[in-house]
Amino acid sequence: MDLNLIEQASEAYEPQLGDNDRARMSFFKGLWKLQQEYVERAQASLDHALPGEEQLLAWYWDEKPLFLMAPLTINEELFLSALKDCAGYVADNAGVADEAVSVLRGFDWKKLLNEVGLEQAGYDPGSWLVGAVEAAAKLIATQASTVEAGVDEAGAVGIVLSCALKPMLEPAAKQAMSHYKPDRDAYESHAKPLRCPVCGGHAGLAYVGDTPSGEGKGRMLYCTTCTAHWEFERIRCAHCGTQSQGKLHYFHVEGDPAHRLYLCDECSSYLRTAFLSELPTAFCMEVEDVIMARLDHVANSVAIKSQRKDS
Ligand SMILES: [Zn+2]
Ligand SMILES: [Zn+2]
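Residues numbered from 1 in each chain as written. Chains lettered and ligands numbered in written order. Predicted model: local features only at pLDDT ≥ 70, side-chain atom pairs only at ≥ 80, totals over all residues. Heavy atoms only, no water.

1. A word on the coordination of the zinc ion (ligand 1)
Around a metal, the perfect tetrahedron of four donors has angles of 109.5 degrees, and the perfect octahedron of six donors has angles of 90 or 180 degrees. Protein-derived coordination of the zinc ion (ligand 1) comes from Cys196 (SG), Cys199 (SG), Cys223 (SG) and Cys226 (SG), at a distance range of 2.3 Å. Here the zinc ion (ligand 1) binds four donor atoms, and the angle range of 99 to 117° at the metal identifies the geometry as tetrahedral. In primary sequence terms, the donor set of the zinc ion (ligand 1) follows C-x2-C-x23-C-x2-C. Taken as a pair, Cys199 in the loop between helix H10 (184-189) and strand S1 (205-209) and Cys226 in the loop between strand S2 (218-222) and strand S3 (229-232) lie far apart in primary sequence, 27 residues in all. As far as the burial class goes, Cys199 and Cys226 line up, both buried. (Donors = N, O, S within 2.8 Å, 3.2 Å for Na, K, Ca; no water. Tetrahedral: all angles 85-135°; square planar, octahedral: opposite > 155°, others 65-115°. Helix = DSSP H or I, 4+ residues; strand = E, 2+ residues; numbered from the N terminus. Buried < 20%, exposed > 50% of the residue type's maximum accessible area, 1.4 Å probe, protein only.)

What follows is the structure in structure tokens.
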């Protein structure tokens with residue numbers, strides 16, 4: 001996470017943001033600062049032994065996620081501290097309902113970790129998160145003396161879990177990605193990994209621009225779980241993998257060609273995509289993630305429209 005770049009990019013967007021987006025950006029800027037402190041602490045104690053580059057690349061092309069093959073050990077004490085700090089920040093700044101604030105303040109993170117364990121977070125963090133959020137919802141329900149856990153409470157705890165986990169993974173993902181240097185021939189002769197080569201998650205965002213093998217016109221996928229990014233085919237669904245051109249298309253809101261939805265009619269998924277050459281500022285993944293959140297709102301209505309067109 002590059003806080004200077006975040007500052008520069010968010011400032012460039014500032015004039016075009018409405019009140020809600022401005023508040024969201026300000027919330028995230030505080031959160032990123034907190035996360036970056038934990039990235040640095042996780043970096044300082046990073047102990048992730050990697051095999052040689054040949055083995056790393058073999059796993060890469062075989063679509064065997066690195067963490068699955070060489071699990072990461074997450075420092076429980078550091079993670080607990082990150083969970084508490086993120087929970088405090090979300091409680092103070094996210095504008096969630098009072099019930100969610102009191103759940104966040106009183107939540108027993110240690111008990112949750114004892115219940116779900118931390119091992120899986122080191123080899124399949126995406127699945128671990130799903131299980132941890134479910135377990136947390138049950139804990140909230142048993143802790144709350146009055147009503148059962150509402151969507152808000154469970155949602156807030158879920159946000160804290162993923163926000164605190166990311167900095168635990170980022171240094172290892174960065175270290176691993178610095179070893180992936182596939183040559184151009186390899187890129188041309190292999191299908192590219194559909195899932196994150198580091199943690200095995202699905203891509204959360206994409207961007208089109210410079211890539212290792214496609215100057216200016218290549219496409220990169222970004223993993224919002226561990227922050228790895230990797231090159232992907234320009235025309236291919238990052239969810240189901242279809243390359244059927246007729247099923248894949250871009251959609252963007254009028255006046256904003258820099259941010260588009262890549263829609264797949266085959267599996268009804270979409271992927272938010274930034275076009276680097278159209279951006280008003282230097283490219284910063286974290287800031288683009290917040291800016292592109294607006295596309296999530298239009299994604300559903302677009303999906304409904306395209307279904308109507310089909311029938
Ligand atoms: Zn990942
Ligand atoms: Zn698809």
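2. Re the coordination of the zinc ion (ligand 2)
Each protein donor to the zinc ion (ligand 2) is listed here as Cys237 (SG), Cys240 (SG), Cys264 (SG) and Cys267 (SG); together their distances run 2.3 Å. The site at the zinc ion (ligand 2) holds four donor atoms, and with the angles between them running 107 to 113°, its shape is tetrahedral. Read N to C, the donor residues that coordinate the zinc ion (ligand 2) are spaced as C-x2-C-x23-C-x2-C. Placement of the pair is Cys237 in the loop between S3 and strand S4 (248-251) and Cys264 in strand S5 (residues 259-264), with a sequence separation of 27 residues. Like Cys264, Cys237 is buried.

3. A closer look at the environment of Tyr222
With respect to the helices, strands and loops of the structure, Tyr222 is situated in strand S2. The exposure class of Tyr222 is buried, given its relative accessible area of 3%. For Tyr222 and Tyr89, which are 133 residues apart along the polypeptide, the C-alpha to C-alpha distance reads 25 Å. Dropping the residues within four chain positions of it, Tyr222 is found in contact with Lys166, Ala203, Gly204, Leu205, Thr227, Ala228, His229, Trp230, Met285 and Glu286. (Contact = heavy atoms within 4.5 Å.)

4. Thoughts on helix H1 (residues 3-13)
Of the positions making up H1, those classed as buried are Ile6, Ala9, Ser10 and Tyr13. Along the axis of H1, the buried residues cluster in a sector spanning 95°; they form a single face. The exposed set on the far side of H1, more than 90 degrees from its buried face, consists of Asn4 and Glu11. Among the structural elements, helix H2 (19-44), S5 and helix H11 (285-291) are those in contact with the buried residues of H1. (Arc of directions from axis to C-beta.)

5. Topic: the pattern of salt bridges
Per the counting criterion, the structure on display carries 11 salt bridges. For Lys29, the salt bridge identified is with Glu7, shortest N-O distance 3.3 Å. Of this pair, Lys29 sits in helix H2 while Glu7 sits in helix H1, and the two are 22 residues apart along the sequence. Overlapping salt bridges, with partners in common, bring together Glu14, Asp19 and Arg22 in one network. (Salt bridge = Lys/Arg side-chain N within 4 Å of Asp/Glu carboxyl O.)

6. Quick word on the pairing of S1
Where burial is concerned, most of S1 is hidden: five out of the five residues are buried. Here S1 shows two buried faces, one formed by Leu205, Tyr207 and Gly209 and the other by Ala206 and Val208. Strand direction decides the pairing type here: S1 and strand S6 (residues 269-275), joined by three bridges, are parallel. Residue pairing across strands places Ala206 opposite Thr273, the latter belonging to S6. (Pairing = 2+ DSSP bridges.)

7. Describing the side chain of His259
Relative to the helices and strands, His259 resides in strand S5. Relative accessible area serves as the criterion here: at 3%, His259 is assigned to the buried category. Among the polar contacts made by the side chain of His259, one reaches the side chain of Tyr13 at a distance of 3.3 Å. Setting aside chain neighbours within four positions, we find His259 in contact with Tyr13, His252, Thr273, Ala274, Leu279, Glu288, Ile291, Met292 and Leu295. (Polar contact = N/O pair within 3.5 Å; in protein donor to acceptor, adjacent residues only side chain to side chain.)

8. A closer look at the sheet that holds S6
Strand pairing in a sheet takes place through backbone hydrogen bonds and is either antiparallel or parallel in direction. Spatially, the six strands line up as an open sheet ordered S3-S2-S1-S6-S5-S4, and their pairing is mixed. Of all strands in the sheet, those with a lone pairing partner are S3 and S4, marking the two edges. Strand-to-strand twist in this sheet, taken as the mean axis angle between neighbours without regard to direction, amounts to 30°. Here S2 pairs with S3 via four bridges, running antiparallel. Residue Leu221 lies in a different strand from S3, and its bridge partner there is Trp230. (Axes fitted to C-alpha atoms, helices over the stretch in contact; angles between N-to-C directions.)

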